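Notes for the structure review
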Amino acid sequence: MAFATSQVVRGFSSSAVRNVVIKNVTIIGGGQMGAGIAQVAASTGHSVTLVDTSDDILKKSIKTIEGSLKRVVKKKFADKPEAGEEFIKKVVQNVSTSTDVESAVQSSDLVVEAIVENLKIKQDLFSRLDKLAPPHTIFASNTSSLSISDIASSTSRQDRFGGLHFFNPVPMMKLVEVIGTPATSQETLDSLLNFSKVLRKTPVSCKVRLYVSDASKEDIDIAMKLGAGHPMGPLELADYIGLDIINSVIEGETKDPNNPLFNSSDLLNKLVAEGKLGRKTGEGFFKY
Ligand SMILES: CCCCCCCCCCCCC[C@H](O)CC(=O)SCCNC(=O)CCNC(=O)[C@H](O)C(C)(C)COP(=O)(O)OP(=O)(O)OC[C@H]1O[C@@H](n2cnc3c(N)ncnc32)[C@H](O)[C@@H]1OP(=O)(O)O
Ligand SMILES: NC(=O)c1ccc[n+]([C@@H]2O[C@H](COP(=O)([O-])OP(=O)(O)OC[C@H]3O[C@@H](n4cnc5c(N)ncnc54)[C@H](O)[C@@H]3O)[C@@H](O)[C@H]2O)c1
């Protein structure tokens, strides 16, 4: 079966920005998230090297991947079990494992880190890899909570550093948050967004701090629908409830006046003043 492979090409996307498309992916940390990321990258034709600290852990990682793939093929190849077995074999063949992180990054186009949620350990790892990985290699962290800028600060490639925040369980969750810092180049962001799409995920791009002005209203709603399983995103829901009602709740009496949740919103006040109350007036955050 020919996978939809992505070749390492240096071409020009429509935005006339060089866009490195990724083929060789090194994933560091073969736990819950790293094994899932390895699975979806290998399932979409990438050559994956999965790194952890011991062979025993890596054997467990491969078993986790095989178990998950069995659940996937039970649906995807329901009436073609042999094709399902073949699919699993090909995907697992795309994953090699290693405990030698230094050799594992020698030919990487992308390194995704999914190790312990500890800033110093992540910084030390990336500082080591920065000296070993090829100049074009993009670094990304799957961190849940740490600042990408802080992690990237231990390297000399902050323009080629971003966040790729997958959601658990990776084979099932469509959302990937692609995070850029002020130093992340557009080429890197484009490459990470494209990589996420090749993985058949729905990427949303976020800045280092998520403000309404920096993340589109569509991306905020996609993130909450796909990342937290909400049936409606928060802005679509606000339109559904009515922005005048929402504003009354925020501006009204509260027992907790210092709670930032009740801070007045200039945008909300503006929309209400313009009579854009959401579904009931045909326009709010979105048009209906
Ligand atoms: C304790 C309070 C703390 C408060 C403070 C919090 C502070 C913030 C902490 C942040 C922590 C990190 C957050 C992280 O950075 C971001 C995240 O990842 S958040 C988590 C996002 N994920 C979710 O919200 C998951 C929600 N759950 C689901 O979507 C579903 O339950 C499920 C996991 C998809 C499972 O599906 P279900 O229908 O529920 O049940 P099943 O298990 O039977 O699965 C059905 C079916 O789906 C397929 N499938 C399920 N899992 C997998 C898998 N891993 N691989 C492949 N296929 C899978 C499969 O076909 C199943 O059918 P079956 O095989 O069982 O026949
Ligand atoms: N668990 C989640 O739901 C979730 C979701 C999104 C993002 N994340 C983030 O992903 C990262 C990993 O989380 P997880 O849940 O997969 O953790 P995990 O504990 O399941 O896996 C971490 C793996 O990293 C390995 N490891 C630790 N230090 C290492 C090193 N120096 N070199 C190589 N391997 C090393 C560990 O042996 C372990 O196998 C964290 O940053 C976490 O915040 C977690």
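Residues numbered from 1 in each chain as written. Chains lettered and ligands numbered in written order. Predicted model: local features only at pLDDT ≥ 70, side-chain atom pairs only at ≥ 80, totals over all residues. Heavy atoms only, no water.

Taking an unreviewed UniProt entry as the reference, the chain is identified by name as Hydroxyacyl-CoA dehydrogenase belonging to Amphilophus citrinellus. According to its UniProt record, the chain has this under Subcellular location (unreviewed entry): "Mitochondrion matrix". Recorded under Sequence similarities (unreviewed entry), the UniProt text for the chain is reproduced unchanged: "Belongs to the 3-hydroxyacyl-CoA dehydrogenase family." (UniProt positions renumbered as here; feature names shortened; annotations may be inferred.)

On to a nonpolar patch on the surface, then. A cluster of nonpolar side chains, contributed by Leu237, Tyr240, Ile241, Ile245 and Val249, occupies part of the molecular surface with about 460 Å² of accessible area. Within the residue set of the nonpolar patch, elements represented by two or more residues are α9 (234-241) and α10 (243-251). At three residues, the largest contribution of residues to the nonpolar patch is made by α9. Secondary-structure assignment places Leu237 in helix α9. (Patch = residues over 30% accessible without salt bridge, like charges linked within 9 Å, V, L, I, M, F, W, Y side chains within 5 Å. Areas by Shrake-Rupley, 256 points an atom, 1.4 Å probe, with all protein chains shown as cover. Salt bridge = Lys/Arg side-chain N within 4 Å of Asp/Glu carboxyl O. Helix = DSSP H or I, 4+ residues; strand = E, 2+ residues; numbered from the N terminus.)

For interface size, the figure often reported is the accessible area lost on association. Looking at the assigned domains, one finds that the chain contains domain 1 (24-206) and domain 2 (217-281). Here the C-alpha centre of domain 2 lies 35 Å away from the C-alpha centre of domain 1. Each partner contributes to the interface: domain 1 provides eight residues, whereas domain 2 provides five residues. On the domain 1 side of the contact with domain 2, Met173, Leu175 and Val204 bury the most area, a combined 59% of that side's loss. The interface formed by domain 1 and domain 2 contains zero salt bridges. Only β9 (175-179) and β10 (202-206) provide two or more residues apiece to the side of domain 1 that touches domain 2. Tallying contributions element by element places β10 first for the side of domain 1 that touches domain 2, with three residues. (Domains from an automatic or database assignment. Contact = heavy atoms within 4.5 Å. Buried area = accessible area lost by both parts, 1.4 Å probe.)

Further remarks concern the sheet that holds strand β6 (residues 110-113). Read across the sheet, eight strands follow the order β5-β4-β3-β6-β7-β8-β9-β10 without closing on themselves; strand pairing throughout is mixed. Looking along the sheet, the strands with just one partner apiece sit at the ends: β5 (95-98) and β10. The sheet shows a mean angle of 25° between the axes of neighbouring strands, taken without regard to direction. Across four bridges, the pairing between strand β8 (residues 161-166) and β9 is antiparallel. Looking at β9, one finds that Gly163 is bridged to Ile179. (Pairing = 2+ DSSP bridges. Axes fitted to C-alpha atoms, helices over the stretch in contact; angles between N-to-C directions.)

Let's shift gears to the packing of aromatic side chains. Counted according to the given criterion, the structure contains four aromatic pairs. A ring pair is formed by Phe77 and Phe87, whose centres lie 5.4 Å apart and whose planes are at 40°; its orientation type is tilted. Residue Phe77 is found in the loop between α2 (55-76) and α3 (81-93), and its partner Phe87 is found in helix α3; the two are separated by 10 residues along the sequence. An identical accessibility class is assigned to Phe77 and Phe87; each is buried. With 4.7 Å between their ring centres and 65° between their planes, Phe126 and Phe161 make a pair best called edge-to-face. One end of the pair, Phe126, is in helix α5 (residues 119-130); the other, Phe161, is in strand β8, and 35 residues separate them in sequence. No difference in accessibility class separates Phe126 from Phe161, as the two residues are buried. One aromatic cluster is present, formed by Phe126, Phe139 and Phe161 through successive ring pairs. Above the plane of the ring of Phe139 lies Arg157, whose end atom (NZ or CZ) is 4.4 Å from the centre. (Phe/Tyr/Trp six-rings, centres within 6.5 Å; stacked < 30°, edge-to-face > 60°. Buried < 20%, exposed > 50% of the residue type's maximum accessible area, 1.4 Å probe, protein only. Lys NZ or Arg CZ within 6 Å of the ring centre and 35° of its normal.)

Another point: the UniProt feature "binding site: NAD(+)" (unreviewed entry) in the chain. Mapped onto this numbering, the UniProt entry annotates "binding site: NAD(+)" (unreviewed entry) at Gly29, Gly30, Gly31, Gln32, Met33, Gly34, Asp52, Glu117, Lys122, Ser144, Asn168 and Lys280. Spatial dispersion of the annotated residues is evident: they stretch over 252 residues in sequence, and the largest pairwise C-alpha distance comes to 54.0 Å. By the element assignment, Glu117 lies in the loop between β6 and α5. If we skip the residues at most four places from it in the chain, Glu117 touches Lys122, Thr143, Ser144, Ser145 and Leu146. Along the chain, the position of Asn168 falls in the loop between β8 and β9. Residue classification places Asn168 among the partly exposed residues on the basis of a relative accessible area of 42%. Not counting the four nearest positions on each side in its chain, Asn168 is found in contact with Gln32, Met33 and Met173. Of the polar contacts made by the side chain of Asn168, one reaches the side chain of Gln32; its length is 2.9 Å. (Polar contact = N/O pair within 3.5 Å; in protein donor to acceptor, adjacent residues only side chain to side chain.)

Moving on, we come to the packing of α9 against α10. Between two packed helices, what matters for the description is the angle formed by their axes and the separation of those axes. The contact between α9 and α10 brings their axes to 6 Å, and the two run at 100°. Regarding the angle of α9 to α10, the classification is roughly perpendicular. Of the residues in α10, those in contact with Ala238, Asp239 and Ile241 of α9 are Leu243, Ile245 and Ile246. For the contact of α9 with α10, the residue count by class is five nonpolar, no polar and one charged. (Parallel < 35°, antiparallel > 145°, perpendicular 65-115°, else oblique. Nonpolar A, V, L, I, M, F, W, Y, C, P; charged D, E, K, R; others polar.)

Within strand β3 (residues 24-28), four of the five residues are buried, leaving the element largely enclosed by the surrounding structure. In the classification by handedness, the crossover that spans β3, the intervening helix α1 (residues 32-43) and the parallel strand β4 (residues 47-51) is right-handed. (Right-handed = clockwise from strand over helix to strand, strands pointing away.)

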